[in-house]
Amino acid sequence: YIIQISLPLNTLGMVFRQSKDAIINAERLFALLDTPPEADEARQLPPLDFKRGEVRFESVDFSYEPGRQILWNVDFRIPPGATVAVVGGSGSGKSTLARLLFRFYEPDTGRITIDDQDLAGVDQKSLRAHIGMVPQDTALFNETVAYNIAYGRPGASMAEIIEAARAARIHEFINALPAQYDTMVGERGVKLSGGERQRIAIARAILKNPPILIFDEATSALDTMAERAIQTELAQLSRDRTTLIIAHRLSTVVDADEILVLDQGRIVERGTHEALLAGQGMYAQMWNLQLKQSELERTSRQLSRQP
Ligand code: ATP
């Protein structure tokens, strides 16, 4: 595919120097894109002075491209250790919130802060050192399973890697692979399902042990067992961490301290699960729809099991 971005030439040079066969590994390219712009480095921003992990979005407007605004006056707070979940229709801007908090992009107006420090004013590396990001669709490196998990904390011991994999409920799966933790994954190795890849990302986040967690729930259909397993892991992982969950299944958000309902880039409702249900607004409608869907699925499964 065509990547339409203006990369500083020396960045491309680095890519070629790093890859022996001069084939750009898309992963590596994107990893490099994550590095702060040169202007940023020149500014020598101070590191994030992490205190309690309070996250704030203050009147954030955002557009990827001029003339098409995606977020409008988004304003919310995640108290230290609390969990805020975002729900809303496809394209409403949920994942964009996650990308802004991880500072893939910056707001057009308004600001995002952690412990009262504007993200635009802190060193990107130190910011990301405090955030665990479990994206919706985790791309893995063409490396071993162990490497992919240890990416969360380079230098981790094998025992620590296995412990993280156990906590993410992926250890047994890995043990059944041809070369266990040394099995190559990705294009040139074993292909993993979306759910398996997300669990590797969870193991990565567990190993990193960050005080702030962003979890972008996979949209891909998971079977009920896998879904439950991921939810148990998520509950464990988000305990005592400031957590932003982008949720696609409402069952994920029931226990959140606050739920934000996003509609076309605006927060249209907010509150706890009970309060939102009682409000009989958009959230209640979404909830009833999902209940009906899962009842239908259950009935059709039962019917298909009957002789
Ligand atoms: P879904 O539930 O389908 O994942 P979402 O609510 O997470 O959707 P976003 O991914 O935040 O939605 O996208 C919000 C809007 O921004 C969409 O209209 C999308 O087309 C647009 N968008 C997302 N990424 C980009 C990008 N890199 N460049 C331009 N527009 C983008």
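Residues numbered from 1 in each chain as written. Predicted model: local features only at pLDDT ≥ 70, side-chain atom pairs only at ≥ 80, totals over all residues.

In the nomenclature of an unreviewed UniProt entry, the chain is known as ATP-binding cassette, subfamily B of Pigmentiphaga daeguensis.

A word on the overall build of the chain
Note the following rule: Going along the chain from the N terminus, every DSSP run of H or I of four or more residues is numbered as a helix, and every run of E of two or more is numbered as a strand. Here exposure depends only on C-beta density: within 10 Å of a residue's C-beta, 20 or more other C-beta atoms make it buried, 12 or fewer make it exposed, and intermediate numbers make it partly exposed, the C-beta atoms being placed from the backbone. Our contact criterion uses C-beta atoms placed from the backbone: two residues qualify when those atoms are within 7 Å.
Helix and strand counts for the chain come out as 12 helices and 10 strands. Burial status across the chain gives 30% buried among its 307 residues. Partitioning the intrachain contacts of the chain with sequence separation of at least 6 by distance along the chain shows that 70% fall at a separation of at least 24.

Describing the sheet that holds strand β7 (residues 212-216)
Note the cut-off: Here, strands pair whenever DSSP counts at least two bridges between them. All axes here are fitted lines through C-alpha atoms, helices being fitted over the stretch that makes contact, and every angle between N-to-C directions spans 0 to 180 degrees.
Taking strand neighbours across the sheet as the criterion, the six strands line up as β6-β7-β8-β3-β9-β10 in an open arrangement whose pairing is mixed. Edge positions in the open sheet fall to β6 (131-134) and β10 (266-271), since each of these has one partner strand only. With strand direction ignored, the average angle separating the axes of adjacent strands in the sheet is 15°.

Notes on unusual backbone geometry
Even without being glycine, Ser59 reaches a positive phi, approximately 40°. The residue Gln280 is not glycine, and still its phi comes out positive at about 50°. Secondary-structure assignment places Gln280 in the loop between α11 (273-279) and α12 (282-305).

Topic: α12
Because each turn of an α-helix spans 3.6 residues, side chains separated by three or four positions end up pointing in the same direction. Note the following rule: A helix is expected to span 1.5 Å for every residue after the first.
For α12, with 24 residues, the first-to-last C-alpha span of 35 Å sits near the 34 Å given by 1.5 Å per residue. Among the 24 residues of α12, one are classified as buried, and the element is accordingly described as predominantly exposed.

Regarding the site of the ligand
Formally: Here is the check we use: build the C-beta atom from the backbone, and if it is within 6 Å of the molecule or strand, call the residue near. Ten residues, namely Ala, Val, Leu, Ile, Met, Phe, Trp, Tyr, Cys and Pro, are considered nonpolar, four, namely Asp, Glu, Lys and Arg, are considered charged, and the remaining ones, Gly among them, are considered polar.
The environment of the ligand is made up of Tyr64, Glu65, Ile70, Gly88, Ser90, Gly91, Ser92, Gly93, Lys94, Ser95 and Thr96. Those elements giving two or more residues to the shell around the ligand turn out to be β1 (55-65) and α4 (94-101). A total of three residues in the shell around the ligand trace back to one element, the largest contributor, which is α4. Split by residue class, the shell around the ligand holds two nonpolar, seven polar and two charged.

Focus on the nonpolar core
As a reminder, the rule being used: Here, a nonpolar core means buried Ala, Val, Leu, Ile, Met, Phe, Trp, Tyr and Cys residues linked by C-beta atoms lying within 7 Å of one another.
Counting 65 residues, the largest nonpolar core has Ala85, Leu101, Ile149, Ala203, Ile214 and Ile259 as its most contacted members. The leading source of residues in this core is helix α9 (residues 194-208), at seven residues. If we skip the residues at most four places from it in the chain, Ala85 touches Ile245, Ala247, Thr252, Val253, Ala256 and Ile259.

Quick look at the sheet that holds β1
Pairing within the open sheet is antiparallel, and its four strands lie in the order β2-β1-β4-β5. With partners counted over all chains shown, the strands left at the sheet margins are β2 (68-78) and β5 (117-118), one partner each. Where β1 and strand β4 (residues 109-114) come together, five bridges link them in antiparallel fashion. Counted as the bridge partner of Phe57 is Ile112 from β4. Along the sheet, α4 contacts β1, β2 and β4; its crossing angle with β1, the most-contacted strand, is approximately 110°.

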